[in-house]
Structures are given as structure tokens and as C-alpha cells.
Amino acid sequence: MTSGPTGAPVELAVSGMTCAACASRVERKLNKLAGVRASVNYATERAVVHVPPGLGDGDVIDTIRKAGYDARVRPRAEDDRAAHTAAITDLRRRLLVAALLAIPLGNLSITLALVPGLRFPGWEALCVLLALPVVAYSAWPFHRAALRNLRHGSSSMDTLVSLGVLASFGWAAWSSFAGGSAPGHWLGFGTTAAGADAVYLDVAAGVTTFLLAGRYFENRSRRSAVDLLTALAGLAVKDARVLRDGVEHVVPAVELRVGDVVVVRPGEGIPVDGEVVDGCSAVDASAVTGESVPAEVTPGDRVVGATVNTTGRLVVRATGVGAHTQLAQMSALVEEAAQRKASVQRLVDRVCAVFVPVVLAVALITLLGWLATGNGAREAFTAAVSVLIIACPCALGLATPTALMVGVARAAQLGILIKGPDALEATRMVDTVVLDKTGTVTTGRMAVVDTASFTGAPEADVLRRAGAVEAASEHPVAAAITAAAGDPPAAVTGFEALVGAGARGVVGGVRITVGTAALMAESGITIPPAAHRWLGTTGPATAVLVAEGGAVTGGIAVRDTVKPTAAAAVADLHRLGLRTVLLTGDNEVVARAVAAEVGIPEVLAEVRPVDKVAAVRELRAAGHRVAVVGDGVNDGPALAAADLGLAMARGSDIATHAADVVLVRDDLTAVPEAIALANRTLTTIRGNLAWAFGYNVAAIPLAALGLLNPLIAGAAMSLSSVLVVSNSLRLRNHRPSRSRSDRPRV
Ligand SMILES: Nc1ncnc2c1ncn2[C@@H]1O[C@H](COP(=O)(O)OP(=O)(O)OP(=O)(O)O)[C@@H](O)[C@H]1O
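Residues numbered from 1 in each chain as written. Predicted model: local features only at pLDDT ≥ 70, side-chain atom pairs only at ≥ 80, totals over all residues. Heavy atoms only, no water.

Rule in force here: UniProt positions are given in the numbering used here, feature names are shortened, and annotations may be inferred rather than shown by experiment.
Looking at an unreviewed UniProt entry, one finds the protein chain named Cation-transporting P-type ATPase B, with Actinokineospora spheciospongiae as its source organism. Under the heading Catalytic activity (unreviewed entry), UniProt records this for the protein chain: "ATP + H2O = ADP + phosphate + H(+)". According to UniProt, the comment filed for the protein chain under the heading Sequence similarities (unreviewed entry) is "Belongs to the cation transport ATPase (P-type) (TC 3.A.3) family. Type IB subfamily."

Structure follows, in C-alpha cells:
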């Protein structure tokens with residue numbers, strides 16, 4: 001991505017954010033700049049900023065720096081990785097120091113607090129000395145962020161933690177040396193003796209340890225989620241053997257151009273999208289499209305970059321390289337989808353932004369409330385510190401983006417590209433799935449099964465004339481007729497594609513029309529009784545008529561086969577409680593036959609491409625939430641008109657589809673899988689949010705009432721973020737459940 005005078009988005013890596021509140025602060029500051037539209041994602045640590053003309057990337061970075069964070073333009077995955085590894089190593093070191101000191105300190109201070117007889121001269125000083133590195137060194141990341149925020153007049157969860165840790169330490173150190181505090185602090189297994197406020201050192205060290213542990217595990221899990229997201233891009237083949245003047249040269253794949261011819265040996269990855277010009281082999285696309293069985297390819301077949309050549313030597317001419325390969329488009333789409341904000345996330349961001357100041361206020365009220373009701377400073381302090389520690393909205397901020405990231409990445413592994421959170425949310429609502437027939441339920445690879453001549457002329461003539469016209473058409477029926485006609489087709493002039501009806505052109509001075517009976521009738525072409533009789537015999541095959549001039553002279557019947565997994569996919573959709581409808585421009589008889597074969601109960605036949613949109617709108621108007629599955633080429637408008645559009649894409653034009661979900665695997669079971677995975681991702685998001693919200697809502701009053709020990713608060717708070725991220729990561733193992741147990745698992 002680049003920024004520029006056009007206002008194209010610029011992508012930045014933002015560092016220094018420690019919670020969702022930070023992300024929403026950066027976003028707010030950026031959006032205050034005139035003309036800027038920014039979206040900042042805490043989980044990926046990325047900002048996508050639309051910079052208007054007149055502003056530069058530098059202005060954006062300055063704004064981020066002024067907010068107390070740092071940013072880099074056009075981040076590279078390697079830099080990200082290095083920065084992340086360094087951050088994790090640093091956290092681990094600090095955590096180790098905290099844990100090593102907190103354990104003896106805990107034992108010592110609790111024992112001495114309970115048993116005054118064991119106290120020795122200078123025990124308070126020893127405890128303070130043990131706690132000092134934990135509070136100063138280990139907790140430094142919290143203090144540093146809190147200070148940075150303070151300098152910019154803001155606060156974050158670090159402010160809460162830093163205050164909590166410093167307050168416990170300050171109180172303990174002061175009262176240990178001042179001595180003389182009253183006994184009676186309940187530790188869960190005994191009451192402290194007089195002068196035992198050193199036990200608060202334990203709180204400071206313990207809380208730091210728990211929070212650091214939480215942050216450490218959260219960072220590691222977040223890294224796994226981001227890795228998953230960028231895994232697709234990582235599949236790209238680095239080097240290629242390009243064939244120049246008959247000699248193979250190994251060059252970096254980035255230097256390849258369209259038209260280059262590359263050699264791919266068995267076991268190697270294919271470096272480009274291209275067409276096989278020589279060799280036969282089985283190509284394993286499982287990592288790219290989720291297709292579980294390697295596909296046989298021969299000259300003329302298309303291959304996709306990053307798939308693996310398994311058995312034979314292949315020579316491939318590049319048709320797509322670099323950013324124009326299917327893989328590059330897929331990974332860009334996936335990363336972009338995870339970067340988009342779910343509507344619920346905007347709400348969470350708003351909550352997080354006010355959360356910290358509110359918690360600071362609640363902590364202060366707690367402190368004053370306890371003091372005002374005649375309680376000791378220690379009780380007041382315990383409650384206030386607990387509020388500070390427990391209330392961090394960390395889990396809340398991670399709930400949505402981590403689940404979204406893992407869900408979208410897992411879907412991509414299964415060959416399902418979900419374009420963003422809106423698509424996920426639409427999936428939940430869907431109750432009706434409309435499936436286009438040709439190319440979606442059927443293979444779209446038709447073959448001629450019958451030819452008729454109504455004039456006594458040879459049937460081959462009918463085929464040849466029709467073939468001459470159809471050679472210029474891209475329709476699957478046309479492809480079948482052209483293939484069956486053999487011979488190079490005769491020249492055609494004045495070609496006209498009649499969408500959803502047929503084609504027309506002049507061959508050898510005669511106007512030839514090929515298409516449906518309805519087209520003939522509309523064009524004023526006579527249909528002889530023999531043609532009507534023949535149409536009655538074609539059964540489930542698609543029958544088209546061929547006219548020369550003003551009269552029908554022949555007929556051609558073509559047949560398509562349903563995709564092998566279509567019936568299983570329809571059964572899976574029914575199991576998910578969805579209603580299915582077959583939508584086609586083809587005639588009722590063919591449509592019913594296909595529907596019966598795959599188990600679809602409802603049929604909308606003879607619907608012209610322009611009317612498909614109306615059919616979808618009608619279903620929606622009747623109160624249904626409609627998903628449309630099509631090939632994304634000529635049914636784009638219907639996909640766009642649906643609540644959820646799913647396109648079965650072949651080829652490298654993935655990003656241009658009007659669909660919300662793109663299925664790169666030519667297998668209809670990807671549809672129920674996409675719906676099931678989207679539902680599960682949403683369930684995960686909801687579960688995460690419920691947990692994170694519920695935990696904060698329940699825990700704050702408990703802490704304010706003094707029912708929560710600060711140590712438990714620290715542990716609970718850390719655990720909750722770790723739980724949320726691990727819950728999201730569970731989506732990584734999502735396995736599609738399929739109707740037929742014998743189907744290979746991905
Ligand atoms: N180029 C063509 N040559 C001959 N017949 C055609 C051609 N294009 C369309 N037709 C006829 O018009 C009918 C409707 O075409 P349309 O493309 O709308 O639907 P379809 O091919 O049945 O696919 P879908 O199931 O996706 O709607 C076809 O079944 C076929 O009979």
C-alpha cells in the first residue's frame with residue numbers, strides 16, 4: 001500500500017500500544033486530522049490511514065508520536081517479526097526476575113507476618129530489597145507506558161497497573177519502616193501479627209509477576225495469530241528456473257515477468273500463475289486452496305503459484321507474477337479482512353476509551369468511601385488497589401480482533417476468503433442459500449449429447465454452423481458446441497451474444513441464430529413441428545435450437561454433470577438448518593433434474609441474468625436473509641444484491657469479485673464450511689466479549705467492596721486476557737464437519 005495524492009491508504013506499524021484503549025486513542029487522534037480516515041488495530045499493531053492530498057506520511061507519524069507511540073511506514077514482515085521477538089525476549093527476562101524474587105519474598109513476608117517470633121533484625125529491609133528489582137525493573141514496561149501517557153495527559157491500563165504496583169510498594173515500604181500498624185490482616189490461612197505491612201511488598205511483586213506473565217503469554221499467542229494470518233504470503237516460492245534460449249537460469253522469483261517460461265521440477269513449488277506448456281504432473285494445491293487431492297495437469301491447463309508440483313517435470317508460461325498472482329491477492333485480501341473493524345469492535349473501542357479514567361475514578365471513590373466509613377487506611381488501600389488491577393480492559397480489547405484474525409486465517413487455509421467482519425456478521429443472519437446452477441452446482445464443463453437436423457442435411461452441418469457462431473461466445477453451452485464442431489470454425493461476422501438466451505452471427509452470408517426456443521420465438525423465427533417434437537425428447541439435457549435465416553433447421557442438446565461433492569454440500573447446508581434454492585437461466589426440466597440429483601427442494605428456472613437480481617430481492621422482500629452462491633462472473637449483480645454473496649472463483653481475479661466471500665476451492669462443500677466457520681468465529685467473538693465484559697462488570701464491585709485480594713485480582717486479570725486469546729486460537733483447529741465420512745479431511 002502506498003499513500004499519495006489520491007488519498008490511497010498507507011499502512012503503518014504502530015509500536016508502544018499496550019491495550020485496546022491505546023489503539024482507540026491513536027485512531028481518534030489521527031481521525032482528528034482534516035481529511036484523514038484511520039483504522040488502528042491493537043491485535044495486529046497496524047494502522048491503515050487514508051491520507052488526503054496536502055498531508056504526508058510524516059504528518060501522520062508525527063501525530064502518532066505526539067500521542068505517545070511510534071510508527072513506521074510500509075512495515076515489512078521481517079522487521080515486525082524481529083521487533084516482536086525482541087519484545088517477547090525482554091518480557092521473558094523481566095518475568096524471570098520477578099518470579100525468582102517474588103517466590104522467596106512471598107514465603108518470607110507471609111511467614112514473618114504470621115509468626116512474629118521468627119522475625120530478625122532488618123527483616124523489613126531485606127523484604128524491601130527483594131521487592132525493589134521487581135517493582136523497578138520488572139514492572140518498568142508498565143511505568144514507562146504510564147509515564148508516556150502522563151506526559152500526553154492521558155491514561156491507559158498501564159497507568160492502572162503502575163499505580164497499583166507503586167501504591168502497594170510505597171505503602172508497604174513506608175509502613176514497614178514506620179512500623180506499628182495494627183494486626184488483623186487476613187491472609188487466607190491466618191491473621192497477620194502487628195507490624196506486618198511488609199506483606200504488601202508481596203502484593204506489589206506478585207501482581208507484577210502475574211501481569212507480566214499475562215502480557216508475555218498474550219504477546220506470544222498474538223504472534224501465533226498474526227503468523228497464521230501471514231502464512232499464505234509465506235508460501236510464495238522464492239527462486240525460479242527461468243528458461244532462456246533453452247538454458248535454465250535460477251533467478252529470484254520477484255524478477256520474473258509475464259510471458260517468462262519457467263521449469264518446475266518434481267517436488268518444487270510453482271513460482272508463478274501460468275499455463276502449462278509442456279509436461280504432465282499432479283499438482284498439490286492443498287496449502288493454497290485447501291483442495292485435498294492433487295490435480296493432474298497437462299499442457300494447456302492453468303496452474304496457480306505456490307502450489308507444489310509432485311511427480312513430473314513441468315514447463316509453465318507465466319501469466320501472473322508478483323502482486324498479480326492469485327496467492328498475492330489472497331493474502332492481501334486476508335490481511336485486509338483481519339484489519340477491518342467489526343461493528344462491535346467500534347463499540348468496544350469507545351468503551352475502552354472511557355474505561356481507564358472511569359476506573360481511576362472508581363478506585364479513588366473506593367479509597368475515600370472506605371476511609372469515610374471509618375475503616376482503616378489498609379482496608380481502604382487494599383480495595384482501591386484491587387480495583388485498579390482488576391479493571392484493566394485488556395481482554396475486552398483483544399476479544400474481537402484476535403478471533404477475527406484467527407477465523408479469517410483458518411478460513412483461508414480451507415480455501416475460503418472472507419472479505420471482512422461484515423461478511424461474517426451477514427453469515428449469521430442467512431436462512432436461505434440460493435445456488436446458481438451452471439458452474440456452481442454443476443461443473444460448467446458441458447458436452448454435446450445429441451444433435452438433430454430438421455431439414456435432412458447432415459447433423460455435422462448443424463454443429464459446424466452453430467460452432468462457427470459459438471466460437472466467439474464464452475458461454476459454457478457455446479464451449480461444448482465449439483468443441484463438438486471440431487475443425488477450425490468458419491469466419492463469423494456481426495457476432496452478437498444474447499445474454500441468457502443464445503448467440504447470433506453471419507456465417508457464409510447466412511444469419512445463424514443459436515439459442516433457446518424462447519429466443520427463436522422472440523426473434524420471429526419459425527420453429528417446425530419436428531423441432532418441437534425433438535425438444536420433447538431431450539429430457540434433462542439443455543437443448544438449444546439452431547436457425548438459418550428465419551427458420552430453425554437443427555437442434556443441439558448439451559449436458560453438464562453435477563460436481564461430485566454437490567449433494568454432500570447441499571446435505572450439509574440442510575443440516576445447518578438452511579433452506580436451499582436452485583437458480584438458473586436454464587429450462588425447468590433441466591433445473592428439476594439437477595435439483596433432484598443433489599437434493600435441492602426448490603427451483604427457480606428460466607430466470608434471465610438481469611432477473612436474477614429481482615429474484616434475490618423478492619426473496620429478501622419476503623423476509624428471508626439470502627446468501628447467493630455463484631461463479632462471480634456473470635452473476636455478480638445477484639451476488640451483490642444478496643445479504644451474503646459467495647463466489648466460486650477460478651483464476652486470479654479474486655479481488656475484483658462482487659462477493660463477500662470468495663471460495664478458491666472448486667468444491668461446493670466450501671459453502672457450508674464457510675458458513676459453519678463464520679458462525680463459529682462469531683460465537684468465539686461473542687463468548688470472548690461476554691467473558692471480558694462480564695468479568696470486568698462482576699469484578700469491579702467485588703474489588704470495591706474489598707472482597708478481592710489484589711493478588712487474586714492480578715492473577716484474574718492476566719488470566720482473562722490469556723484466556724481470550726487462547727479461546728480465539730482454538731479456531732485454528734477448526735475442522736469442517738462433512739456429511740460423508742469418507743471425504744478426505746483437510
Ligand atoms: N451462447 C449460447 N449459446 C446457446 N445457448 C445459450 C447461450 N447462452 C445462453 N444460452 C441459453 O440460454 C439459457 C440461459 O442461459 P444463462 O446463461 O442465463 O443460464 P445457464 O447457462 O443455464 O446458467 P445458470 O445456471 O448459471 O443460470 C441456457 O441454458 C441456454 O439454453
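That was the structure; now back to the text.
### A look at helix α21 (residues 609-621)
Where we set the bar: Here a strand is any run of E in DSSP of at least two residues, a helix any run of H or I of at least four, and the numbering for each starts at the N terminus. For a helix, the expected span equals 1.5 Å multiplied by the residue count minus one. Here a residue-residue contact requires only that any non-hydrogen atoms of the pair lie within 4.5 Å.
The terminal C-alpha atoms of α21 lie 19 Å apart, and with 13 residues this matches the ideal 18 Å at 1.5 Å per residue to within 8%. Where α21 is buried, its residues touch β15 (432-436), β22 (579-583), β23 (602-604), β24 (626-630) and α22 (636-641).

### Comments concerning the sheet that holds strand β4 (residues 70-73)
We apply this condition: At least two DSSP bridges between two strands are required for those strands to pair. To get an axis, a line is fitted to the C-alpha atoms, and for a helix only the part in contact is used. The angle between two axes follows their N-to-C directions and goes from 0 to 180 degrees.
Strand order in the open sheet formed by 4 strands is β2-β3-β1-β4, and the pairing between neighbours is antiparallel. With partners counted over all chains shown, the strands left at the sheet margins are β2 (37-41) and β4, one partner each. The average angle at which neighbouring strand axes cross in this sheet is 25°, direction not considered. Where strand β1 (residues 9-15) lies against β4, 4 bridges are found, and the strand directions are antiparallel.

### Digging into the sheet that holds strand β21 (residues 551-559)
Read across the open sheet, the 6 strands follow the order β16-β21-β20-β19-β18-β17; overall the sheet is antiparallel. The open sheet has two edge strands, β16 (447-453) and β17 (492-498), and neither has a second partner. Between one strand axis and the next, the sheet turns by 15° as a mean value, whatever way the strands run. As judged from the 6 bridges shared by β16 and β21, these two strands associate in the antiparallel manner. Pairing of Ser-453 across the sheet is with Gly-554, part of β21.

### Remarks on the site of the ligand
Rules: Proximity criterion: a residue is near a molecule or strand once any of its heavy atoms comes within 4 Å of it. Counting of polar contacts relies on pairs of N or O atoms within 3.5 Å, with two restrictions inside protein: one atom must be capable of donating a hydrogen and the other of accepting it, and residues adjacent in sequence are counted only when both atoms are side-chain atoms. Note on areas: Shrake-Rupley with a 1.4 Å probe; residue coverage comes only from the protein chains shown.
Around the ligand, the structure places 20 residues, and the nearest of them are Asp-436, Glu-470, His-475, Thr-584 and Lys-612. Taking His-475, its side chain carries an N or O atom lying 2.7 Å from an oxygen atom of the ligand. For the ligand, an oxygen atom lies 2.6 Å from a polar atom in the side chain of Lys-612. Burial of the ligand by the protein amounts to 95% of the accessible area it has alone, namely 600 Å². At the level of secondary structure, the elements contributing two or more residues to the shell around the ligand comprise α14 (437-441), α16 (476-485), β20 (542-548) and α21.

### Description of the packing of aromatic side chains
Short version of the rule: Between rings of Phe, Tyr and Trp, where Trp is taken as its six-membered ring, a pair exists when centres lie within 6.5 Å; planes separated by under 30 degrees are stacked, by over 60 edge-to-face, and by other angles tilted. Here the term buried applies to any residue with accessible area under 20% of the maximum for its type, exposed to any over 50%, and partly exposed to those in between, with areas from a 1.4 Å probe on protein chains only. Consider the ring centre and the ring normal. A charge sits over the ring if Lys NZ or Arg CZ is within 6 Å of that centre and within 35 degrees of that normal.
Enumeration over the complete set of coordinates arrives at 2 aromatic pairs. Ring plane angle 65° and centroid distance 5.2 Å describe the contact between Tyr-216 and Phe-217, whose orientation is recorded as edge-to-face. On the basis of relative accessible area, Tyr-216 is assigned to the buried category, the value being 6%. Taking relative accessible area as the criterion, Phe-217 reaches 40% and is therefore assigned partly exposed. Taking NZ or CZ as reference, Arg-94 lies 4.6 Å from the ring centre of Tyr-137, over its face.

### Thoughts on the pairing of strand β6 (residues 247-252)
Two faces belong to every sheet, and in a regular strand the side chains alternate between them. Looking at chain direction, strand β5 (residues 239-244) and β6 are connected through 6 bridges and run antiparallel. By the bridge assignment, Val-242 is partnered in β6 with His-249. Once β5 ends, the chain turns through 2 residues before running back antiparallel as β6, passing Asp-245 with a positive phi of about 50°.

### Here's the deal with unusual backbone geometry
Of note, the phi angle at Ala-306 is positive, near 75°, even though the residue is not glycine. Structurally, the position occupied by Ala-306 is in the loop between β11 (302-303) and β12 (308-309). A positive phi is found at Glu-606, a non-glycine position, where the angle reads about 55°. Checked against the element boundaries, Glu-606 lands in the loop between β23 and α21. By relative accessible area, Glu-606 is classed as exposed at 53%.

### Here's the deal with the confidence of the model for the protein chain
Counted only if it meets this: Here pLDDT means the predictor's own confidence in every residue, given as a number from 0 to 100.
Looking at the protein chain, the pLDDT average stands at 84 and 91% of residues meet or exceed 70. Confidence, read as mean pLDDT per element, is least for helix α7 (residues 199-234) in the protein chain (79) and greatest for β22 (96). Taken together, the stretch residues 740-746 has pLDDT below 50 and engages in 18 contacts with residues farther than four places along the chain or on a different chain. Confidence estimates for the predicted assembly give a pTM of 0.77 and an ipTM of 0.97.

### Quick look at the side chain of Asp-560
Worth spelling out the cut-off: Within this scheme the basic residues Lys and Arg register as positive and the acidic residues Asp and Glu register as negative, but His and the chain ends are omitted. Here a salt bridge means any side-chain nitrogen of Lys or Arg lying within 4 Å of a carboxyl oxygen belonging to Asp or Glu.
Secondary-structure assignment places Asp-560 in the loop between β21 and α19 (566-575). Buried charge without a salt bridge: Asp-560, with Lys-437 as the nearest opposite-charge side chain at an N-O distance of 5.0 Å. Side chain to side chain, Asp-560 and Thr-442 meet in a polar contact 2.4 Å long. Within polar-contact distance, the side chain of Asp-560 engages the side chain of Thr-443 at 3.0 Å. For Asp-560, the residues in contact, after removing those within four places along its chain, are Thr-438, Thr-442, Thr-443, Gly-444, Arg-445 and Met-446.

### Some thoughts on a nonpolar patch on the surface
Stated precisely, the cut-off is as follows: Patches here are clusters of residues that have more than 30% relative accessible area and form no salt bridge, with a 9 Å joining cutoff for like charges and a 5 Å cutoff for nonpolar side chains (Val, Leu, Ile, Met, Phe, Trp, Tyr).
Together, Trp-140, Leu-147 and Leu-150 make up a nonpolar patch on the protein surface, roughly 300 Å² of accessible area in all. You can see Leu-147 is positioned in helix α5 (residues 140-151).

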